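For reference, the chains in residue letters:
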Amino acid sequence: MNLEKVIFGFFIVLAMTLNFGFFLGDIDNPHHHHVYELYAAIIVSLVATVLKFGDRTHVGAILLSTSLAADIQLIAAAILWAALSGKMDDASLTVYIVSLSGGALMANFVSVILLISETIGQRR
Amino acid sequence: MNSILFLILRRLRRPLILIIVCFSIAILGLSLMPGVDDNGQPWRLSIFEAFYLISYTATTIGFGEIPYAYSQAQRLWLTFSIYLTVIPWFYAIGKIITLLQDNALRQAITTERFARSVQNLKEPFYILCSYGESASVLAKTLDEKGMRVVVIESQQERLNELDLAETRSVIPHLCADAKLPENLIRAGVHHPFCSGVVTLTDNDEVNLAVAVAVKLMNPELPVLARAERDDIAANMASFGTDHIINPYTLFGEQLAMRVHAIGTYILHEWLTDVPGDTLPPPENPPRGRWVVCGYGRFGKSVVENLERENITTTIVEATPELTGCDHCIVGSGTEAHTLLEADITNAVGIVAGTDNDINNLSIVMTAYELNPKLFVVIRKNRRHNDTLFKQFNADITMQPTEIIAHECLAHMIAPLLAQFLTMVRTQSNSWANHLISELVAVVGETVPERWAISINESTTPAIVELLKNGISVSLHNLTQDPADRSKALNLVPLLLLRDNVPMLVPPIATGLRVGDQILFCGTADARSGLNISVNNSKALTYIVDGIEVPDSLVWRWVKGFLARK
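Cut-off values and rules
- Residues numbered from 1 in each chain as written.
- Chains lettered and ligands numbered in written order.
- Predicted model: local features only at pLDDT ≥ 70, side-chain atom pairs only at ≥ 80, totals over all residues.
- Contact = placed C-beta atoms within 7 Å.
- Helix = DSSP H or I, 4+ residues; strand = E, 2+ residues; numbered from the N terminus.
- Core = buried A, V, L, I, M, F, W, Y, C linked by C-beta atoms within 7 Å.
- Buried ≥ 20, exposed ≤ 12 C-beta atoms within 10 Å, placed from the backbone.
- Expected span 1.5 Å × (residues − 1).
- Pairing = 2+ DSSP bridges.
- Right-handed = clockwise from strand over helix to strand, strands pointing away.
- Axes fitted to C-alpha atoms, helices over the stretch in contact; angles between N-to-C directions.
- Arc of directions from axis to C-beta.
- Parallel < 35°, antiparallel > 145°, perpendicular 65-115°, else oblique.
- Left-handed = near helix turned anticlockwise from the far one by under 90°.

Across the contact, 12 residues belong to chain B and 10 residues belong to chain A. Elements with a minimum of two residues in the side of chain B that touches chain A: helix H1 (2–11), helix H2 (13–32) and helix H3 (47–58) of chain B. With 7 residues, H2(B) is the single largest residue contributor to the side of chain B that touches chain A.

Next comes the structure, spelled out in structure tokens:
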């Protein structure tokens, strides 16, 4: 049992679950997707990215790249939201944002699979 | 570059997480605080607005309360946010600045930069595993000859000297331990253009370690190593070190050569010195009884070589039990009574060979007063004592660093030259004198350039082309001027290597064959002239046949038309 490993795993899994929570719901219904959930997903995803810094192993590098992919899409979604809210109808804006977060969800999903496979590969 | 980036990222993990967490708390709280807009309606900052506000507050820019004046609740939270975010922000900036001044990081950056500049070398280069006195002479000469050099040295002060030195091309250098294989790899041991490794530190163990490491990593690569102890030299030889240089043995041999064959010696010196220098006429050491002060490695080599020439020696040594000499006069040689005991007044020569420059000077000055006709051989250990030694003007001044540098140059500039010199040593004195007069007649009194060419497709395309067409090219053709075939270039072929059989001073009428290697000596002009005739088949045809081959279509047609008529 290692506190560092617990925190590491916690943030990676939390990044995915928050992302999933935001993604869940009708793609064009703004009431199903709350802005604070996206906010939390971005913050947790950023923290997970920084936690992955500095690992020189191959798996470490792939983990970092999946996180970066998720960050870029989530931040793009947030920028769209901030820039376009009130300028176009809510339904189509929500479609843009939720589909971007869906892409981020895939990246987070890969990240979690890598984490699990690495854990299984460990003997202890 | 990769490792540096990861090093920075790893160190910045903690401050970055701290910033993200503090910002997220501040932004979240601010977007939840109730406020009132200019119409008195309830209003809240959106997450984006809160992010904008916290960003300019945390970085202490502070644009003020926009878009509306804030409520008490918002102000309260903002006050809290300022303390929450400004402190981690400065902590992170401080961390980045400390990181940039960090020695480990700086070392990583210089190492990386060194490795990259070595990787980018596009021409043959040598690796020098030290930058001491002999290595600096070597680096300077190689640089002047347009050859690239890479230096690894463990002492920063010596590298500072290199930093300040004026060089033709950039010399990549690294302050690191050459014994470590990773440093040798960074210096380019596996680089396709690396033409050899030279290790000349004054520590035999280091030289051995480098030689072994290089031979294991890249067995093809020539290694020149300095070794003063016989066991180390034997160890190096067993690993296939190509040239083992012992300055004391070399000097002993040269002294013996001077005694019995001054001509051979002059030839040797003339061909290994730095091109362009003029050599003073060397003194011929007298035969008779010599006094040798100091029976260390240098003294032993001198005594051994003198005795081989049937010259008797009297040894003066301060610590006979350490150096293991049986019949010697105990004393340092700096006092008159020790020298008188060695019967200096009836001796013909004195060798001051201790490892202390001031003692050596004192020995020869005392001896000179007792017997002004003495032939003086003095050992110079440190280059910065140059002025003192010039003042004294001994018959022979032996400087280990120069001997090492000359020997290395002979091997590095033209590998055939070393083979030539070995063969010269077995020739008679009169043969050498004859060759010298021949050389002086062609290239003059100054030290000539030495270079080798091999007859093959890539280096001498013109010769290969003519040979393929059945036109024979002789050595004589190579000595003709490509601008005017009746004139001769100022060069002399010294050695022809055909099927690994060397031919010393080959006759000028010898026909060339593909695969031959030829060693030339001559002026720099002659070298560039030769370069034209071996590369340009038109020039070579002119030299061989005296015919100017027309280049363009029209002239070829005109010439063919005239010939038919």
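What follows is about the nonpolar core. Grouped together as the largest cluster of nonpolar side chains are 122 residues, with contacts concentrated most on B:Leu128, B:Leu138, B:Val198, B:Val292 and B:Ile350. In terms of residue count, the dominant contributor to this core is helix H18 (residues 400–413) of chain B (8 residues). Aside from chain neighbours lying at most four places away, what touches B:Val198 is B:Tyr126, B:Ile127, B:Leu128, B:Cys129, B:Leu138, B:Leu224 and B:Cys408. A:Met16, A:Leu100, B:Ile27 and B:Ala58 belong to the second largest nonpolar core, which has 43 residues in total.

Before going further, it helps to examine H2(B). With 20 residues, H2(B) extends 29 Å between its outermost C-alpha atoms, agreeing within 8% with the 28 Å of an ideal straight helix rising 1.5 Å per residue. Buried within H2(B) are the following residues: B:Pro15, B:Leu16, B:Ile17, B:Cys22, B:Phe23, B:Ala26, B:Ile27, B:Leu30 and B:Ser31.

On to the pairing of strand S4 (residues 148–153) of chain B, then. Residues and elements named next belong to chain B. In terms of burial, S4 is largely enclosed, as 6 of its 6 residues are buried. Burial along S4 is two-sided: Arg-148, Val-150 and Ile-152 and Val-149, Val-151 and Glu-153, pointing in opposite directions, are all buried. In terms of strand pairing, strand S3 (residues 125–128) meets S4 through 4 bridges, oriented parallel. The residue bridging Ile-127 from the neighbouring strand is Val-150, located in S4. Remark: the S3/helix H6 (residues 133–144)/S4 crossover connection has right-handed handedness. Both S4 and strand S5 (residues 173–175) contribute to a ladder of 3 bridges, which runs parallel. Paired with Glu-153 across the strands is Cys-175, a residue of S5. Between S4 and its parallel partner S5, the chain crosses via helix H7 (residues 156–164), and the hand of that crossover is right-handed.

Bringing the environment of B:Val21 into the picture now. Looking at where B:Val21 falls in the secondary structure, it is placed in helix H2. A sequence separation of 64 residues divides B:Val21 from B:Thr85, and the C-alpha atoms of the two residues are 9.3 Å apart.

The subject of this paragraph is the sheet that holds strand S16 (residues 491–498) of chain B. All names here are of chain B. Spatially, the 4 strands line up as an open sheet ordered S15-S18-S16-S17, and their pairing is antiparallel. Since the sheet does not close on itself, it has two edges, and those belong to strand S15 (449–454) and strand S17 (501–504), each with one partner. Strand-to-strand twist of the sheet, defined as the mean angle between neighbouring strand axes without regard to direction, takes the value 20°.

So, about the pairing of strand S7 (residues 223–226) of chain B. All names here are of chain B. The alternating pattern of S7 places Val-223 and Ala-225 and Leu-224 and Arg-226 on opposite faces, both of which are buried. In this sheet, S7 lies alongside strand S6 (residues 194–199) in parallel orientation, the contact comprising 3 bridges. Within S7, the position partnered with Val-197 by the bridge is Val-223. Note that the unit made of S6, helix H9 (residues 204–217) and S7 has a crossover that is right-handed.

So, about helix H23 (residues 524–535) of chain B. Residue and element names in this part refer to chain B. Relative to the 16 Å expected for 12 residues at 1.5 Å per residue, H23 spans 17 Å between its end C-alpha atoms, a close match to the ideal helical length. Turning to H23, its buried residues number three or more, namely Ala-526, Gly-529, Leu-530, Ser-533 and Val-534. The arc enclosing the buried residues of H23, seen along the axis, measures out at 130°, which places them on a common side. Contacts from the buried residues of H23 go to S15, helix H21 (461–468), helix H22 (475–478), S16, strand S18 (517–522) and helix H24 (537–545).

All names here are of chain B. It is at 9 Å that the axes of H2 and H3 come closest, and there the two elements cross at 130°. Comparing the axis directions of H2 and H3 gives the class oblique. Note that H2 runs across H3; the crossing there is right-handed. Contacts from Phe-23, Ala-26, Ile-27, Leu-30 and Ser-31 in H2 reach Ile-47, Ala-50, Phe-51, Leu-53, Ile-54 and Ala-58 in H3.

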